[in-house]
Amino acid sequence: MHGRMGVGKNWALPVTTAVCDKKSRPEYTNVSSNEYRDVPEVLQKKIQLFAQALKQAKNTIAYTGAGLSVSSGLADYATKSPESLSSRPSVSAERGSGYLTVPNKGHRVLSLLHHNNLLQIVFNQNHDGLLQKAGFPQHAVNEIHGSWFDPSNPGGNVLRSDLFDQLLQFEQTTDLCLALGTSLSGLNADRLAKTPALKYPKSGQGLIIVALQQTQLDNICSLRIFAPLDEVMEMLAKELGLKVEEEEKSYKAREFEGEVFELPYDGKTGEYSKSKKVMLDLREGAKVKILRGNFEGSRGVVGKKNEQGCWNVKIFTKVEGMEGVEIPDDHLLGSWWIEE
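Each value, and the rule that gives it
Residues numbered from 1 in each chain as written. Predicted model: local features only at pLDDT ≥ 70, side-chain atom pairs only at ≥ 80, totals over all residues. Heavy atoms only, no water. Helix = DSSP H or I, 4+ residues; strand = E, 2+ residues; numbered from the N terminus. Rg over C-alpha atoms; globule rule 2.2 N^0.38 Å. Areas by Shrake-Rupley, 256 points an atom, 1.4 Å probe, with all protein chains shown as cover. Lys, Arg positive; Asp, Glu negative; His and termini not counted. Charge placed at Lys NZ, Arg CZ, Asp CG, Glu CD. Salt bridge = Lys/Arg side-chain N within 4 Å of Asp/Glu carboxyl O. Buried < 20%, exposed > 50% of the residue type's maximum accessible area, 1.4 Å probe, protein only. Pairing = 2+ DSSP bridges. Axes fitted to C-alpha atoms, helices over the stretch in contact; angles between N-to-C directions. Contact = heavy atoms within 4.5 Å. Left-handed = near helix turned anticlockwise from the far one by under 90°. Core = buried A, V, L, I, M, F, W, Y, C linked by side-chain atoms within 4.5 Å. Phe/Tyr/Trp six-rings, centres within 6.5 Å; stacked < 30°, edge-to-face > 60°. Lys NZ or Arg CZ within 6 Å of the ring centre and 35° of its normal. Expected span 1.5 Å × (residues − 1). Arc of directions from axis to C-beta.

Draft legend 1. Structural detail: the overall build of the protein. Summing up its helical and strand segments, the protein has eight helices and 14 strands in all. In terms of overall size, the protein behaves like a compact globule, its C-alpha atoms giving a radius of gyration of 21 Å where 340 residues would be expected to give roughly 20 Å. The C-alpha extent of the protein, read off along each of the three principal axes, is 65 × 45 × 45 Å. Counting only carbon and sulfur atoms, one obtains 49% of the accessible surface of the protein, whose full area is about 16,800 Å². A gap of 4 Å separates the mean positions of the 40 positive and 42 negative side-chain charges of the protein.

So this is what it looks like as structure tokens:
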């Protein structure tokens, strides 16, 4: 239960902290929802190996799941233990809307790793925008399963082709994957974890999994850590000599001068461009058009900003086969799209 780096270490086994007879993701896997925790002395040794792997790797990615945002008050899918569920924060009167949650230590340390050239990109299965609120640049976040803050990427049954192409590219080139808070229950995107795992030890540092529950890839990972993500990431930052700022109780985007922006994108295709510019009017009542993604070709109308400084946008989606019929849907545009 330690990963291949732990073979022959004679480490104590993780302690069982929650027993539950339900499966973690019954629609995908038969893995139980029991929870475990490494004893302190073993956890510290694993953190040291974690830091060493990061320093030695040349192309590190993170593959993050719902467990990353649990301490911010958002729910995950795999936790089934009543005791665990009742003891965690949740979005309610305590935390407010899920759209208004704030980053936790896990998000902030991942941002630190990126800004210190120890992490190239995050493939984030979450929709919550918390990595960007923690200062992680949008261009280095692939929200493969959709985003609450990107009207061109609402998620659903169809992955956006450009994001999937990037996933396939990094699957082949990465030499270390950090699987953080994901159940690795067999989704297509799990290839990001499985392929690097098979490169260890000949051509990479492999796969490091941090989660409280067992996963289907535990037997091929290079290092397996059983501990809360916030605790692991704070210990990792300390081991690397990185300072983690105190947790912010709220998030507010920086103020912009005006609400009409000149952006480096092709106004016809929506693709990033080094030579072309497009004007984006985000004043209340302004009309916009979605140029790519699931809502490609749909029109929209800009609404008021929310209290964190993100724009509300109402998108009108055409109904195939029904001329003139549109379905209105409310979305948010993250302020970080403009900041970057």
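Draft legend 2. Main features of the pattern of salt bridges. Under the criterion given, the structure shown has 14 salt bridges. With a shortest N-O distance of 3.2 Å, Glu 27 and Arg 25 are connected by a salt bridge. Judged by its relative accessible area of 11%, Arg 25 is buried. Of the charged contacts, one joins Arg 283 and Asp 281 as a salt bridge, the two residues approaching to 2.7 Å between their closest N and O atoms. Among the charged side chains, a salt-bridge network with shared partners connects Asp 150, Arg 160, Asp 162 and Arg 292.

Draft legend 3. Layout of the sheet that holds strand S13 (residues 311–318). Taken together, the four strands give an open sheet; going across it, the order is S11-S12-S13-S14, and neighbouring strands pair in antiparallel fashion. Each having just a single partner strand, strand S11 (287–289) and strand S14 (326–333) make up the two edges of the open sheet. Across this sheet, the average inter-strand angle for adjacent strands is 35°, counted without regard to direction.

Draft legend 4. Representation of the environment of Leu 119. Tracing the backbone through its elements, the reader meets Leu 119 in the loop between helix H3 (105–115) and strand S4 (121–124). Between the C-alpha atoms of Leu 119 and Cys 177, which are 58 residues apart in sequence, the distance is 9.6 Å. Look past the residues within four positions of Leu 119 in its chain and what remains in contact with it is Thr 60, Ile 61, Ala 62, Leu 110, Leu 113, His 114 and Phe 136.

Draft legend 5. Seen up close, the packing of H3 against helix H7 (residues 229–240). Interhelical geometry of H3 versus H7 gives an angle of 30° and a closest axis separation of 8 Å. Two packed elements cross with a definite hand, and for H3 against H7 that hand is left-handed. Facing H3, whose interface residues are Lys 105, Gly 106, Val 109, Leu 110 and Leu 113, H7 presents Asp 230, Met 233, Glu 234, Leu 236, Ala 237 and Leu 240.

Draft legend 6. The nonpolar core, seen in detail. Phe 50, Leu 110, Leu 113, Ile 208, Ile 225, Val 232 and Met 233 are the most contacted members of the largest nonpolar core, which has 41 residues in total. Counting residues per element, the ones that place at least two in this core are helix H1 (40–56), H3, strand S6 (176–180), strand S7 (206–210), strand S8 (223–225) and H7. If you tally residues by element for this core, the top one is H1, at eight residues. Excluding anything up to four places from it in sequence, Ile 208 contacts Phe 50, Ala 53, Leu 176, Cys 177, Leu 178, Ala 179, Ser 222, Leu 223 and Ile 225.

Draft legend 7. Fine view of the sheet that holds strand S3 (residues 60–64). Spatially, six strands are ordered S5-S4-S3-S6-S7-S8 in an open sheet, and the strand pairing comes out parallel. What marks the edges here is a single partner per strand, and that holds for strand S5 (141–142) and S8. Bridge count between S3 and S6: five bridges; the pairing is parallel. When the bridges of S6 are listed, Thr 64 appears paired with Leu 180.

Draft legend 8. Spatial organisation of the packing of aromatic side chains. Considering all chains together, one arrives at eight aromatic pairs under this definition. Summarising the aromatic geometry, the rings of Tyr 265 and Tyr 272 are spaced 5.9 Å apart at their centres and angled 85° between planes, so their arrangement reads as edge-to-face. Each residue in the set Phe 256, Phe 261 and Trp 311 is aromatic and connected to the rest through ring pairs, giving one cluster. Positioned above the aromatic ring of Phe 226 is the side chain of Arg 224, whose terminal nitrogen or guanidinium carbon lies 3.9 Å from the ring centre. The cationic tip of Arg 299 hangs over the ring face of Phe 316; the distance from NZ or CZ to the ring centre is 4.1 Å.

Draft legend 9. How the structure looks around H1. For H1, with 17 residues, the first-to-last C-alpha span of 25 Å sits near the 24 Å given by 1.5 Å per residue. Close packing links the buried residues of H1 with S3, H3, S6, S7, S8 and H7.

Draft legend 10. Molecular detail of the environment of Tyr 77. Tracing the backbone shows Tyr 77 in the loop between S3 and helix H2 (82–86). Here the alpha-carbon distance between Tyr 77 and Glu 247, two residues 170 residues apart in the chain, equals 25 Å. Apart from residues no more than four positions distant in its own chain, Tyr 77 is found in contact with Ser 24, Arg 25 and Ala 66.

Draft legend 11. Representation of H7 in the model. Here H7 contains twelve residues, and its C-alpha end-to-end distance of 16 Å stays within 8% of the 16 Å for a straight helix at 1.5 Å per residue. All of the buried residues along H7 are Leu 229, Val 232, Met 233, Leu 236, Ala 237 and Leu 240. The buried residues of H7 all sit within an arc of 135° when viewed along its axis, so they share a single face. Those residues of H7 hidden inside the fold are in contact with H1, H3, S6, S7 and S8. Residue Gly 241 follows H7 closely and has a positive phi angle near 75°.

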